[in-house]
Amino acid sequence: AMAIPAVLFCTSAQGGCLGLQDAKTPLLIFTLAGVVNVFGDFYAVGTMGLRGAAWATLAAQYVSAGAFFVVLTKRRMLPLKLGHWRLP
């Protein structure tokens, strides 16, 4: 349940990239998330067991959300100032 905000943001960010005919960026970001998850699993499962796998997956989701945030902000698809964020 803790990863839901990151998953929803990544899904909508992927849709934004695909809408611009850019499939490479989501592929690279989700590959990065997969690598973070695998290394996190190797590290955390040995020390924390199944909970470690869950924490590694959570970390990978938020790494991908952060990467999408950086990419979409650089493309000016997300506002930089908090006052520009609003609900429709």
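As the structure is a computational prediction, the values presented were derived from the model and not from experiment.

Caption draft 1: A look at helix H3 (residues 50-74). Taking 1.5 Å as the rise per residue, H3 with 25 residues should run 36 Å; its terminal C-alpha atoms sit 37 Å apart, in good agreement. Listed as buried for H3 are Gly 52, Ala 56, Leu 58, Ala 60, Ser 64, Ala 65, Ala 67, Phe 68, Leu 72 and Thr 73.

Caption draft 2: Main features of the packing of helix H1 (residues 4-19) against H3. For the pair H1 and H3, the least separation of the axes is 9 Å and the interaxial angle reads 40 degrees. Judged by the angle between their axes, H1 and H3 are oblique. The way H1 lies across H3 gives a crossing that is left-handed. Of H3, the residues touching H1 (which contributes Pro 5, Ala 6, Val 7, Phe 9, Cys 10, Ala 13, Gln 14 and Cys 17) are Gln 61, Tyr 62, Ser 64, Ala 65, Phe 68, Phe 69 and Leu 72. Residues that form the contact of H1 with H3 fall into these classes: 12 nonpolar, three polar and no charged.

Rules used in this analysis
Residues numbered from 1 in each chain as written. Predicted model: local features only at pLDDT ≥ 70, side-chain atom pairs only at ≥ 80, totals over all residues. Heavy atoms only, no water. Helix = DSSP H or I, 4+ residues; strand = E, 2+ residues; numbered from the N terminus. Expected span 1.5 Å × (residues − 1). Buried < 20%, exposed > 50% of the residue type's maximum accessible area, 1.4 Å probe, protein only. Axes fitted to C-alpha atoms, helices over the stretch in contact; angles between N-to-C directions. Parallel < 35°, antiparallel > 145°, perpendicular 65-115°, else oblique. Left-handed = near helix turned anticlockwise from the far one by under 90°. Contact = heavy atoms within 4.5 Å. Nonpolar A, V, L, I, M, F, W, Y, C, P; charged D, E, K, R; others polar.

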